[in-house]
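Structural overview for review
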There are 2 protein chains.
Amino acid sequence: MTTETSRPDDAFHVFDTTLRDGAQREGINLTVADKLTIARYLDEFGVGFIEGGWPGANPRDTEFFARAKAEVAFRNAQLVAFGATRRPGARAAEDPQVKALLDAGAPVVTLVAKAHDRHVELALRTTLDENVEMIRDTVTHLREQGRRVFVDCEHFFDGYRANPGYAKAVVRAAHESGADVVVLCDTNGGMLPAQIQAIVATVAADTGARLGIHAQDDTGCAVANTLAAVDAGATHVQCTANGYGERVGNANLFPVVAALELKYGMKVLPEGALREMTRVSHAVAEVVNLTPATHQPYVGVSAFAHKAGLHASAIKVDPDLYQHIDPELVGNRIRMLVSDMAGRASVELKGKELGVDLGGDRELIGRVVDRVKERELQGYTYEAADASFELLLRDELRGPEGEGQARRHFRTESWRAIVEDRPDGTHANEATVKVWAKGERIVATAEGNGPVNALDRALRVALERMYPELAKLELVDYKVRILEGKHGTSSTTRVLISTTDGDGEWSTVGVADNVIAASWQALEDAVTYGLLRAGIEPAE
Amino acid sequence: MTTETSRPDDAFHVFDTTLRDGAQREGINLTVADKLTIARYLDEFGVGFIEGGWPGANPRDTEFFARAKAEVAFRNAQLVAFGATRRPGARAAEDPQVKALLDAGAPVVTLVAKAHDRHVELALRTTLDENVEMIRDTVTHLREQGRRVFVDCEHFFDGYRANPGYAKAVVRAAHESGADVVVLCDTNGGMLPAQIQAIVATVAADTGARLGIHAQDDTGCAVANTLAAVDAGATHVQCTANGYGERVGNANLFPVVAALELKYGMKVLPEGALREMTRVSHAVAEVVNLTPATHQPYVGVSAFAHKAGLHASAIKVDPDLYQHIDPELVGNRIRMLVSDMAGRASVELKGKELGVDLGGDRELIGRVVDRVKERELQGYTYEAADASFELLLRDELRGPEGEGQARRHFRTESWRAIVEDRPDGTHANEATVKVWAKGERIVATAEGNGPVNALDRALRVALERMYPELAKLELVDYKVRILEGKHGTSSTTRVLISTTDGDGEWSTVGVADNVIAASWQALEDAVTYGLLRAGIEPAE
């Protein structure tokens, strides 16, 4: 991607804490390698600061800073070490935790400080004055050691409402002792935009400190709360990729920067970065091993997907009538969904999208809509399986009996999969398929590391002699969905498979009363579509 | 739940459109039965209005209104039919679409009207004046027929910014011809709270109409936008359960009503309803067949889950230090997550939660933390599998070699599952298990509608003679997660199983290189835990 090699303007900070606060999300468990990969994505995307973790508190984080310095050539971001103010009664210069922050060698340190009197007394167990002293002493010491310092005021908004005088005293102490930015944190996430805006404005006026905002999403307002703080004068926003974070999560980096650039007209990322946003969002999700949230603003696969027949027909007139921005600005794209709600207009547009011209043939389109309705009632979904939908279209293009007389590259007679758990704890997975291709009956058996993998291999073994192109195919993703979650293992199973031939990727769907049979259907479609992509027309 | 039988106060409207706009979400496909069930949940929850669909435009919606009238005794909600203003050039009294709205027999009708000049010309293809006439004529006609009328001004905010005079003329036309509420819709979802607040305030002042808000979440601000409109004087909020809706979705009903009741101190739901919110949210998700969003504000299973060791130790002091509301106010609960981040405090609290006293035994707790780390590296997750975690705890309680010498009700020697697709298209699923129990070797075979179901049955057949309690166990949920989405079928598979014995439900986890083997592990834990719940101590 095209990014300036220069650091982003310091006047406004896009500060990412995916690697520290984001990692607190339930279900996320990052290795050092994961953290390095995510750091590269975030730097490439162009955030100004990457908070890498808490060196000293967590060996994994200590290792991350060591390896990041050695292995990553940051183009846009500065690395930030997160830690706490010194212990009560000690001296910052002698506090081992503070020393670990310096040893991490990051140019910037974020210090978490208590700003809520109750937390000082109950959680920190010290006096209000000593807490202020801890902040002054620690900030001063880190500045003397040549570090840039940001101070996170934990529980600031709750603290301000309980004791505004003390909360502001904490901000002043951080500001006066040399912190560049004082970050007001809604740690428990209970605030609403109007409250945030009023408090940030007052604190800015009363303290003269440069302010930042750290919002959690417990009211569902983290993005709005972040923007409200910017409206009130904050020039530093702390976010996480995809909004990952403890409990509900943190302010989501992507809608925040998109709003700042596209709605506020600010420049907060390097040139061209925003167009990479969807890719970066999904890449980070892959690394943390979570399915990218389909309904995320701007970057979700559904963010510009249209289902309503009404909308679809209007979109044929002018796409801008039904989207708030051009999806390409954020690297996303408009999608027409096929579903029994979609109606003819969507099916026709979907056909175009797939390069299949339905030529406005009303009778044909009607037939396709009916087929889709009927199949979706059985549990199929074509919204997520373009290739299976195109195969359905091709069948219908061949006339009313399309499905019946569908021409295929091969026909399945039967198959069998066996999974065996041996007394020694190892597993044997074996599959046998009996298929017909080019008039010949072929029986093939293969092993795999699972029953579906064994079936996939057996099918290729059976067909590769007739269709050597199959060697290029690789199964890249496999999703299982139980359609009736309240019937345990006796419910309908839907399998979605993504396959690649090196040039492109396509998705196919299978639905059956068990996961193996559903997988087989999706495999059949995946192979058939792969052969069509290779330009091979069905033999029979 | 305890609800008043009287209708909620009309001064503020909680208007739900899950059944109409919410159904536009990608992946949702509602049957009439689904819609009736959801309507019952929403009425029980206490919304004032339930928009059921577009009678006439969609046979399913026509049927819904007929059956809702006949089958549902609404206690709190009024049913609303959604439709469009009459056709250009026609008369409302003769417009079949308008007639279908009346035929639906709902006491309230929501009319969608164009408020954006460009949409009138490009999508509606009529003149600006005729559009205003269509609104006056249709509202007047419906009022004459004794209906209460709300008017949805589609694309209002984009329209206002393009041509404020015309947008306000549309509001006036609706208001003057008898619409009780004029709803300003951010149809494309591109607005931010500050814009919404300013525009709603101006329109309220300039038109004198009672205003409502319909927000979409394309900027991630739908909840905040809804609250901003209320701040500016709107007294009618349109939302959907769990924020379901087209593209990114609609304003989420649950955080909106929670903010109004808990943050604004308004009474917008019947007494006690809010405490049912989590249950209602998950129940609706079940009906639409989507997994409840784990990170949803207030109602997500993670919404009050704490992972960070820091937080956990503070929560031992005082839970309110780290939560913005008491979870019980919304029917949710605090959860301590076990993960390698959690540290000792969480494990101890988690033990308490499960009724296993670790008695602050630091060495034991340390061992548990290590076991959890090691297992989570292999792909296990105990956050979602309390029963498997308790079995792990019990093992460790038995001393350092806990796992090795773990006492079990049975031991598995081996098992085998066979799935066969016959030429006639039917499937045979057969499983054989070889287990030891009470010193006896048992071999059992069973069939099922899938390989896991067959294994489940074979295991009970094998054990039921020795453990008749197993007859009560039922497998109620089954989830499959592919841990490395980019390795296709050769990736690690995690299976989560929920089992019930009629009194309670518990979750167990299995991880292996294939779905069948992972399922077997989870089944073993499920049965073992079920026997422990029945008070049966391991035999060997």
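Our subject in this report is the structure included herewith. (Residues numbered from 1 in each chain as written. Chains lettered and ligands numbered in written order. Predicted model: local features only at pLDDT ≥ 70, side-chain atom pairs only at ≥ 80, totals over all residues. Heavy atoms only, no water.)

A tally of helices and strands in chain A yields 17 helices and 16 strands. Along the first, second and third principal axes, the C-alpha set of chain A runs to 85 × 65 × 45 Å. Out of the 540 residues in chain A, the part that is buried amounts to 63%. Put simply, of all contacts in chain A between residues at least 6 apart along the chain, 67% involve residues at least 24 apart. Taken as a whole, chain A presents about 18,500 Å² of accessible surface, with 48% of it coming from carbon and sulfur. Charge separation in chain A, taken as the distance between the mean sites of 60 positive and 79 negative side-chain charges, equals 1 Å. (Helix = DSSP H or I, 4+ residues; strand = E, 2+ residues; numbered from the N terminus. Buried < 20%, exposed > 50% of the residue type's maximum accessible area, 1.4 Å probe, protein only. Contact = heavy atoms within 4.5 Å. Areas by Shrake-Rupley, 256 points an atom, 1.4 Å probe, with all protein chains shown as cover. Lys, Arg positive; Asp, Glu negative; His and termini not counted. Charge placed at Lys NZ, Arg CZ, Asp CG, Glu CD.)

Further remarks concern the packing of aromatic side chains. One pass over the structure, following the stated rule, counts 20 aromatic pairs over all chains. On the basis of an interplanar angle of 25° and a centroid distance of 6.2 Å, the ring pair of Phe15(A) and Phe49(A) is categorised as stacked. Remark: Phe49(A) occurs in strand S2 (residues 49-53) and Phe15(A) occurs in strand S1 (residues 13-16); sequence separation between them is 34 residues. With respect to class, Phe15(A) is no different from Phe49(A); both count as buried. Plain terms: the ring middles of Phe64(A) and Phe65(A) are 5.4 Å apart, the flat faces sit at 75° to each other, and that makes the pair edge-to-face. Across the pair, Phe65(A) and Phe64(A) agree in class, each one buried. A network of ring pairs unites the aromatic residues Phe15(A), Phe49(A) and Phe150(A) as a single cluster. Note that Lys35(A) overlies the ring of Phe64(A), its terminal NZ or CZ placed 5.4 Å from the centroid. The aromatic ring of Phe82(B) is capped on one face by Arg20(B), whose charged end is 3.7 Å from the ring centroid. (Phe/Tyr/Trp six-rings, centres within 6.5 Å; stacked < 30°, edge-to-face > 60°. Lys NZ or Arg CZ within 6 Å of the ring centre and 35° of its normal.)

Okay, the interface of chain A and chain B next. Bring the parts together and some accessible area is lost; that lost area is often taken as the interface size. Listed by partner, the interface residues are 109 residues for chain A and 110 residues for chain B. Of the roughly 9,100 Å² buried between chain A and chain B, counting both surfaces, carbon and sulfur atoms make up 52%. On the surface where chain A and chain B come into contact, there are two salt bridges. A salt bridge links Arg416(B) to Glu420(A); the nearest nitrogen and oxygen atoms lie 4.0 Å apart. Connecting chain A to chain B are 20 residue pairs in polar contact (both at pLDDT 80 or more). (Buried area = accessible area lost by both parts, 1.4 Å probe. Salt bridge = Lys/Arg side-chain N within 4 Å of Asp/Glu carboxyl O. Polar contact = N/O pair within 3.5 Å; in protein donor to acceptor, adjacent residues only side chain to side chain.)

What follows is about the environment of Asn29(A). All names here are of chain A. Note that Asn 29 resides in the loop between S1 and helix H1 (32-45). A relative accessible area of 28% places Asn 29 in the partly exposed class. Separated by 259 residues in the primary sequence, Asn 29 and Val 288 place their C-alpha atoms 7.3 Å from one another.

Okay, the pairing of S2(A) next. All names here are of chain A. A large share of S2 lies buried, amounting to five of its five residues. Across two bridges, the pairing between S1 and S2 is parallel. Bridge pairing in S2 places Asp 16 opposite Ile 50. Assessed by its sense of winding, the connection that carries the chain from S1 through H1 to S2 is right-handed. Pairing of S2 with strand S3 (residues 78-84) involves four bridges; the strand directions are parallel. Counterpart to Gly 53 in the pairing with S3 is Ala 81. The β-α-β motif built from S2, the intervening helix H2 (residues 59-71) and the parallel element S3 has right-handed crossover chirality. (Pairing = 2+ DSSP bridges. Right-handed = clockwise from strand over helix to strand, strands pointing away.)

Turning our attention to the environment of Val200(A). Residue and element names in this part refer to chain A. With respect to the helices and strands, Val 200 occurs in helix H8 (residues 193-207). Judged by its relative accessible area of 1%, Val 200 falls in the buried class. Residues Val 200 and Gly 425, 225 residues apart in the sequence, show an inter-C-alpha distance of 61 Å. If sequence neighbours within four positions are ignored, Val 200 has contacts with Phe 157, Leu 184, Leu 211, Ala 229, Ala 232 and Ala 234.

Right, let's get into the pattern of salt bridges. Side chains that differ in charge, positive against negative, can pair when their charged atoms come close. Under the definition given, this model contains 62 salt bridges over all chains. Put simply, Arg91(A) and Glu94(A) hold a salt bridge, and the shortest N to O gap is 2.6 Å. Residue class for Glu94(A) comes out exposed when judged on its relative accessible area of 57%. We note a salt bridge from Arg460(B) to Asp456(B), for which the minimum N-O separation is 2.9 Å. A residue pair is termed a helical-turn pair when its members lie 3 or 4 positions apart in one helix, as Arg460(B) and Asp456(B) do in helix H16 (residues 451-463) at four residues.

On to the relation of the copies chain A and chain B. One chain copy maps onto the other through a rotation about an axis and a shift parallel to that axis. Superposing chain A onto chain B requires a rotation of 180° together with a translation of 0.1 Å along the rotation axis, leaving an RMSD of 0.1 Å. Both copies are brought into coincidence by an operation consistent with a two-fold rotation axis. Scanning chain A for the C-alpha nearest the rotation axis identifies Ile418(A), at a separation of 2.2 Å. A shared interface surface links the copies, since 100% of the contact residues of chain A are contact residues in chain B too. (Least-squares fit on C-alpha atoms with pLDDT ≥ 70 in both.)

This part is about the sheet that holds strand S15 (residues 493-500) of chain A. Residue and element names in this part refer to chain A. A sheet is described by the order of its strands in space; here three strands give the open sequence S14-S15-S16, paired in antiparallel fashion. Two strands lie at the open edges of the sheet, namely strand S14 (474-482) and strand S16 (505-512), each paired on one side alone. With strand direction ignored, the average angle separating the axes of adjacent strands in the sheet is 20°. Sheet topology places S15 next to S16; eight bridges connect them, and they run antiparallel. In the sheet register, Thr 493 faces S16, and the bridge partner there is Ala 512. (Axes fitted to C-alpha atoms, helices over the stretch in contact; angles between N-to-C directions.)

That is the geometry; function is a separate question.
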